[in-house]
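# Notes for the structure review
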Amino acid sequence: MMRKKSISASKASLVLFLCQMISALEVPLDSKLLEELSQPPTITQQSPKDYIVDPRENIVIQCEAKGKPPPSFSWTRNGTHFDIDKDAQVTMKPNSGTLVINIMNGGKAEAYEGVYQCTARNERGAAISNNIVIRPSRSPLWTKEKLEPNQVREGDSLVLHCRPPVGLPPPIIFWMDNAFQRLPQSERVSQGLNGDLYFSNVQPEDTREDYICYARFNHTQTIQQKQPISVKVFSMDSLNDTIAANLSDTDIYGAKPVTERQPVLLTPTGSTSTKVELRGNVLLLECIAAGLPTPVIRWIKEGGELPANRTFFENFKKTLKIIDVSEADSGNYKCIARNILGSAHHVISVTVKAAPYWITAPRNLVLSPGEDGTLICRANGNPKPNISWLANGVPIAIAPEDPSRKVDGDTIIFSHVQERSSAVYQCNASNEYGYLLANAFVNVLAEPPRILTSANKLYQVISDSPALLDCAYFGSPKPEIEWFKGVKGSILRGNEYIFHDNGTLEIPVAQKDSTGTYTCVARNELGKIQNEVQLEVKDPTMIIKQPEYKVVQRYGQVSFECIIKHDSTLLPAVIWLKDNDELPDDERFLVGKDNLTIMNVTDRDDGTYTCIVNTTLDSVSASAVLTVVAAPPTPAIIYARPNPPFDLELTGQLERSVELSWIPGDENNSPITNFVIEYEDGLHEPGVWHYQTEVPGTQTTVQLKLSPYVNYSFRVIAVNEIGRSQPSEPSEQYLTKSANPDENPSNVQGIGSEPDNLVITWESLKGFQSNGPGLQYKVSWRQKDVDDEWTSVIVANVSKYIVSGTPTFVPYEIKVQALNDLGYAPEPSEVIGHSGEDLPMVAPGNVQVHVVNSTLAKVHWDPVPLKTVRGHLQGYKVYYWKVQSLSRRSRRHVEKKILTFRGNKTFGMLPGLEPYSSYKLNVRVVNGKGEGPASPDKVFKTPEGVPSSPSFLKITNPTLDSLTLEWGSPTHPNGVLTSYILKFQPINNTHELGPLVEIRIPANESSLILKNLNYSTRYKFYFNAQTSVGSGSQITEEAVTIMDEAGILRPAVGAGKGYSETLFATSPVMHTVRPTFYKVQPLYPRIRNVTTAAAETYANISWEYEGPDHANFYVEYGVAGSKEDWKKEIVNGSRSFFVLKGLTPGTAYKVRVGAEGLSGFRSSEDVFETGPAMASRQVDIATQGWFIGLMCAVALLILILLIVCFIRRNKGGKYPVKEKEDAHADPEIQPMKEDDGTFGEYRLFSFVSSAPF
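This write-up is about the structure you can find in this document. A quick note: this is a predicted structure, and the numbers were derived from the prediction, not measured.

What follows covers the state of the cysteines. The tally for this structure, following the rule as stated, stands at six disulfides. The side chain of Cys63 participates in a disulfide bridge whose partner is Cys118; the two sulfur atoms lie 2.0 Å from each other. Here Cys63 and Cys118 share a disulfide; its torsion about the S-S bond, -70 degrees, makes the bridge left-handed. Here Cys63, found in strand β4 (residues 63-68), pairs with Cys118, found in strand β9 (residues 114-122); they are 55 residues apart in sequence, far enough to count as distant. Judged by its relative accessible area of 0%, Cys118 is buried. Disulfide partner of Cys562: Cys611, at an S-S distance of 1.9 Å. Here the disulfide of Cys562 and Cys611 is left-handed, its torsion about the S-S bond being about -70 degrees. A residue pair is termed long-range when its members are at least 10 positions apart, and Cys562 in the loop between β49 (558-561) and β50 (563-565) and Cys611 in strand β55 (residues 607-614) qualify at 49 residues. Accessibility assignment for this pair places Cys562 and Cys611 in one class, buried.

Here we take up the sheet that holds strand β26 (residues 319-322). Strand order in the open sheet formed by three strands is β22-β26-β25, with antiparallel pairing between adjacent strands. Only two strands of the sheet have a single partner each, and these edge strands are β22 (283-286) and β25 (311-314). This sheet shows a mean twist of 20 degrees between the axes of neighbouring strands, independent of strand direction. By the bridge criterion, four bridges tie β25 to β26 in an arrangement that is antiparallel. Bridged to Phe312 within β26 is Lys321.

This paragraph deals with the nonpolar core. In this structure, Ile59, Ile61, Trp75, Ile101, Tyr116 and Ile134 are the most contacted members of the largest nonpolar core, which totals 29 residues. Those elements giving two or more residues to this core turn out to be β2 (50-53), β3 (59-61), β4, β5 (72-77), β8 (99-101), β9 and β11 (132-136). Here this core gets three residues from one element, more than from any other, and that element is β9. Discounting residues that sit within four places of it in the chain, Ile59 has contacts with Val53, Leu99, Val100, Ile101, Ile103, Ala109, Tyr112 and Ile134.

Across residues other than glycine, the phi torsion is negative in most instances, and most of the peptide bonds are trans. Note that the residue after Leu292, namely Pro293, is joined by a cis bond; omega there is 0 degrees. With respect to the helices and strands, Pro293 occurs in the loop between β23 (288-292) and β24 (296-301). The amide bond that connects Ser476 to the next residue, Pro477, takes the cis arrangement and shows omega of 5 degrees. Here Pro477 is to be found in the loop between β41 (473-476) and β42 (480-485). Phi is positive for Asp647, close to 55 degrees, though the residue is something other than glycine.

Rules and cut-offs
- Residues numbered from 1 in each chain as written.
- Predicted model: local features only at pLDDT ≥ 70, side-chain atom pairs only at ≥ 80, totals over all residues.
- Heavy atoms only, no water.
- Disulfide = S-S within 2.5 Å.
- Helix = DSSP H or I, 4+ residues; strand = E, 2+ residues; numbered from the N terminus.
- Buried < 20%, exposed > 50% of the residue type's maximum accessible area, 1.4 Å probe, protein only.
- Pairing = 2+ DSSP bridges.
- Axes fitted to C-alpha atoms, helices over the stretch in contact; angles between N-to-C directions.
- Core = buried A, V, L, I, M, F, W, Y, C linked by side-chain atoms within 4.5 Å.
- Contact = heavy atoms within 4.5 Å.

So, in C-alpha cells, the structure goes:
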C-alpha cells in the first residue's frame, strides 16, 4: 500500500509540474528588450550534418549563435579539442564561430576529413551544434577496360552496363552519342536506376558504335566518359544472306525468323526481393522486362491501394515513385510485365524504417527565482529512439549538480529555481538510422515589469465591431495586468470586456461611447508601470441606395446607382465589378461618382454588377443583375443627328474659369456620344468660333478654363453616330478681367539680312493671349561673349525689328518680352542669333587631285580659316569641266559641273568623268550669303578606258556565200582604238549555235566582206572595239545568206555525218573554236514594218515577215478606240500584202497582222484613217483588168521558179573537195548530224577588206 501511495504521489507531482510549466514566461520578440536581457547562447546557423565539400575550394564550416553577453566559440574534431591557433590554414570569422579552412593556398581537403562540433558559451550556459561530418567530394576516373563489340540478333534483349566509378556523392548517369546528343529512350529502350541501358528487344536501327555512358559529378562540376560501346544487330535477312554465301547449294541453311517471346524480367532478378526505405524519403521501385513485343509494366500493392497524390510513374511506368513515405507504405509491391504472349511478375517487400523525428522538441524556459518549470523532449522513430540529456554540452550524469533539477526519462523537472540554475540543456534522440539534437535553455531572470506597446497608440474601429487594445508586457516574475478607462477611471471588469493572457483588452461590441483613453497597468513584486492608448469608434459605411435589377434593350443605355453614407473622417473608394471581375476595358462603361453607366448595351454586358465601397476600416458591397433583351418589333426607326442643346447657362464666374451647363436636345434614336463646346472672342475675333473642349454625352455641365481680357460667348454641339447637331444658341457674353501677359512670343530668331544688321523676328501673340489692351513687345539684344549691357527697345504689336550698324557675323543674345497696359509677361528666355553674313574672303588652298580611275577622281583641299568665312559655313563647292578629249583633240562647248560638299569637309569624289580627257577644277567655300573666291584652276587628266560599242553595224549585200559588214567607230572611244573584234557563228533550224569564229580587224577599217559562208544560213554577229585597256561593249546583229540559185547542193565529203571536215586557211587574225553546239532560246518569227495606204473605202496593207516558210497570214482590223471584237480576214497563200474593202470613209481604223499556227504571234498595231467621201467617182485599182493580169503573171513566174529549185535540190551532185579535206584535215573537228536540222558542211570563210592591212 505504501508503494502505491508513493507512485500516486509521484504522478501527482509530475502533473503539478507540467501545469506549472504552462505558466512559464515567454520573452516577447522585441529587439530592444532582447538587447537588455541576459540570455544563454542559442545556435542560429550551422552546417549540415553530412557536409560534402569541393576539394578545390576553401572549406567553410558554419556556426552562428546569439546570446547576452555575446557567446565565445570553440570546436572539437573527432571528439577532441580542435586548437585552431596551431593550424595556419584554419581561421575563425570575427564575432562568429564559423571556421574557414584555407585549401586554395596549399591545404589539402583530405587532411581535414572528420567529425566537427561547435560550442557557443557565455556566463549563462553553453549550446552545441550537431556533429558535422566533413567529407571532400570525389570524382574518380573510369577504370580502363576492354569493351568487346556487342553482336546480337534482332529481337533479343540486351543490357549495356555503365558501372560508373564510385564517387562522393554518387554521380548522375546519362547516355549520349559522339555528337553529345542524348540517346532516345522509349518503352523498348530505357536507362535503369543503376545507370545501365536496357533493351527489351533490339532492332536493326539500334546498330551503332557510339553508346557512351557519362557520369556527372555535380560537386566538382566534372563529367567522366566511359569508352564507347559498339552494338551490331543482325537482322534475319542479313543472317540468311551471310549463311547462303558460305554454304553450297546442296546445304540446308536458314536462320530462324524473329520469334516473339513472352516477358522475362531483366531487373530485378528472381521472383521476390526486399527494399528498406526511411520515413519521409522517396521510394523508388523498378522493373524492366525483356520480351517481343515490348512488354508493358503495371504496378499494384498487395492487400491495399497505391497512395493517392503521392504516387508517380516514371521511365515509361518501369519505375514506381512514392514521395514522403511513411510506415503505412510498408508492404508488398508487385510489378507485372505483360505482352500478347504472357506475363511475368516480381514482388518487392518494402519496409519503411524511421530515423528519429520530433513529437515535442524542448522549448526555452524563462523563469523567475523560486518558480518551477519543465523541459520535455519526446521523439519517435523505428526503432524507438533512445533519449539522453546533456547540460551545457556535458552528459547530465557527469554535469555539475543542480538541486532544482530532476531528470525523469524524456522530462527534466525544475523546482524553486535560482539565478544559478540558468543553463543550456541538450536533448539527443538517436537510433541506428540517425539522431536529433535540440538545445533549450533555462533562463532565470528577476526583472521589473515593462510595457512594450507604444504609448498613446491610436486604435480605430467601426461601431458594433470588436476592438482589441494591446498591452504587450514582460517581467519576471510574470506581472499582473489591469485595465482602466480614463486617467482616473475605475478598473474594468464585467462581461463586456475580455482580458487575454498576453495583456490585450478586447471590447467585443464597441459603441460610440467606447471612444476614449484606456490605461494598462502591469505590476509584480519588483515594480509597476502603466501605458495609455486611444480608441476611436467610427460610423459604419453604408450603401443607402443600392443598384437595382435592370432589363434593357440591346443597344440601349443603362445606369446603376450606388449612393453611400460614411464617417466623415474616412475616405471611401468605390469599385465596380462585373461577375466578380474587373469591368471590361471599354469606353462604353462610364463610372461616375455615384453611378455606373453602360452605353450602347450589347449581349456581352449581361451579368451581375457589384458596387464595392472600401475604407481603411470596413468594406460594404451591393449587387444587381442586368438582363439584355432584344428590342421588340417596331416600325422602322429613323436615326438622325441630335437636336441642338438649349438653355445654356453660365454660373460660378471667376477670373480664369466659369461653369457652363445646358439641356440636351432630342437624340433622335441614336445616343449622344459627346458634346463639343466652342467659344467666340467678341473682343478680338467677333464672328469666329473656336474649339474649346468636349465632354462625354452623359455630362451636361463643364468647368471651362478662361483667359484674361476675352469677351466670351459659348455654344454647344451634340454628336451621335449619325453626325453633329446644329450649334446651340450662344450663351450670354462674359468679359474676363485684364491681366499681365502669361507668355512671351515664340520662335524668336536673329538672322541678319545685310552684313551690318541684325533682323530680330518672332511670332506675335494671338488676340486672347494679350491678356489686356495695349499689347507691345520689349526687344533686347547684346553682343555675346562681350561685357556689354542689354540694349532694349519697346515696339508696337509687330513681329520684326532691325538692328543696324552691327559688325559682320557676330553672335548676339536676344530676348523678346510681351507687355500690355497692366504690366510685363514673365522674364523671357534668351536665344542666340547672328548679325548678317558677307561673302567669304579667301579661297581654299593646297587643292590636290588624285585620279582613282578613268571615270573617278578624288579632290583634296585645305579648309579656310573660320574667321574668313564671315558667316555660317555651309560647305564647299567644286566646279569642274572637261577641257578636251585626248583622243580627238577637239574642243567643245564647256559645260561646268558643280558638286557641293556639306559642312567642313576637305575632300570629295568626282564621279562620271570621261576617260582619256583633260579636266580643270577649282574649289570655293560657301556660306549663307554665297560663294567665296575660287581657288586657282587645277588641271588633271583621266587615263584611257574601254570604248563604247561601235555606233552601228550594218550587214548588206547578202549573196549565196558572202555578207558585207559595215560599221561606225564608237561614239566614245575613251582612248586610242587598237582594233575591232568580230565574232560570228551559224544558227540552225533548231536554234542551236554552231562554232564561233573570231576575227581581229585593224582599227582603221570600217567594212569587211565575209566569204565562203553557207548558203541560206542565218548567222549571228558580235562586234566590239578595243583600246589598250580592254574590250568595250559589243553590239549584235543577225543576217541570212541567200538561197543557192542553181538549186544544186554540193555535198561535202562524208555527207550525212553532220559537218564536213573541210577546213580553210585562216588568216593570222582569224581564230576558230571547237564546233560544239549550245542550245539557245528559239528565234521567234516576227512580222514588222506593217504599212497602210488608205483610200475612201479600202486600204492596202503590207508587211515584212521573218520566220519559217509556208506561214498562213491573217489581217485583223477594227475601228480605233472601239471595244468591239477584232474583225479577221484570211490572206490567201503566203503573200505579204492584203486589201481591206468595205471600209467607212473618214474613219480611223486599227490593224494588225498575224500568222496561223503561231500562238499569240502578231505584229504591233498600226492606225490609219480612210479618206473622206468624194463627190466624184474614183477608180478602184484592185478591180482593174490590167492589175489583175499583172498579178497573175507574177504568181505564175514564182511557181515556175519554185519547181526549178525543187528539181535541183533532189538531183544532187558531188564536188571535188576531197583533196582540200586531206590537205587541211583537223582531227578536232567532229562530224555533226544533218537529219536533225543542223548544218550540212563547215565551209571555208574568207573576208575582203575595204582597205589593205
